[in-house]
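Results of the structural survey
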Amino acid sequence: MNDYPKIRKTTILFQIWYNKIFILDVYLFMAEQYIDKENLEIIRERLWAISNKKKITLEDIQDRTGFSYSQVHRIVRGSNNMSVSGLIAVCKALEVQPREVFDFEIKIPKHLPLRRDRKA
């Protein structure tokens, strides 16, 4: 079981027939969250540059989005994943189109052929 990166053990109690309690240990296998730190850093650098250029503070973004300060900080200055909705809200607050934030090239890896092509 230790080969999996994220395993969470949950104990579930079942009360069945005549008040007998059965305990069941369940192992939930959780997929690793995908985080593209390299490209997130580029996006955050662009958001921060736009914010500084327009002299829009994190507090201004907070007021314009309705997000908490810590939420705004996590999107603009943080290091974790962000939601697309949160990013769009920040773009609106910065009065900038998302294409300006995403105007960069990404590395496209060499993939396997499509499944339909592999079957042939």
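Scroll up to find the structure this text is about.
Let me begin by describing the structure that accompanies this report.

Remarks on the environment of Ser 68
In this structure, Ser 68 sits in the loop between helix H2 (58–65) and helix H3 (69–76). Counting along the chain gives 10 residues from Ser 68 to Leu 58, while the straight-line C-alpha distance between them is 10.0 Å. For Ser 68, the side chain forms a polar contact with the side chain of Ser 70, separated by 3.2 Å.

Here we look at helix H4 (residues 84–93)
Those residues of H4 lying buried are Gly 86, Leu 87, Ala 89, Val 90, Cys 91 and Ala 93. Of the residues one or two after H4, Glu 95 is the one with positive phi, at around 55°.

A short note on the packing of aromatic side chains
Tallying each qualifying case throughout the model produces 1 aromatic pair. Note on Phe 102 and Phe 104: the rings are 6.4 Å apart at their centroids and 15° apart in plane angle, and the pair reads as stacked. When the ring centre of Trp 48 is taken as reference, the NZ or CZ atom of Arg 77 above it lies at 4.1 Å.

Concerning the side chain of Arg 44
The residue Arg 44 is located in helix H1 (residues 37–53) in this model. Although buried, Arg 44 forms no salt bridge, and the nearest oppositely charged side chain, Glu 41, lies 8.6 Å from it. Polar side-chain contacts of Arg 44 include one of 2.9 Å to the backbone oxygen of Arg 74. With near-sequence residues (within four places) excluded, Arg 44 lies in contact with Arg 74, Ile 75, Val 76, Arg 77, Gly 78, Ser 79, Asn 80, Asn 81 and Met 82.

Reading the values: rules and limits
Residues numbered from 1 in each chain as written. Predicted model: local features only at pLDDT ≥ 70, side-chain atom pairs only at ≥ 80, totals over all residues. Heavy atoms only, no water. Helix = DSSP H or I, 4+ residues; strand = E, 2+ residues; numbered from the N terminus. Polar contact = N/O pair within 3.5 Å; in protein donor to acceptor, adjacent residues only side chain to side chain. Buried < 20%, exposed > 50% of the residue type's maximum accessible area, 1.4 Å probe, protein only. Phe/Tyr/Trp six-rings, centres within 6.5 Å; stacked < 30°, edge-to-face > 60°. Lys NZ or Arg CZ within 6 Å of the ring centre and 35° of its normal. Lys, Arg positive; Asp, Glu negative; His and termini not counted. Salt bridge = Lys/Arg side-chain N within 4 Å of Asp/Glu carboxyl O. Contact = heavy atoms within 4.5 Å.

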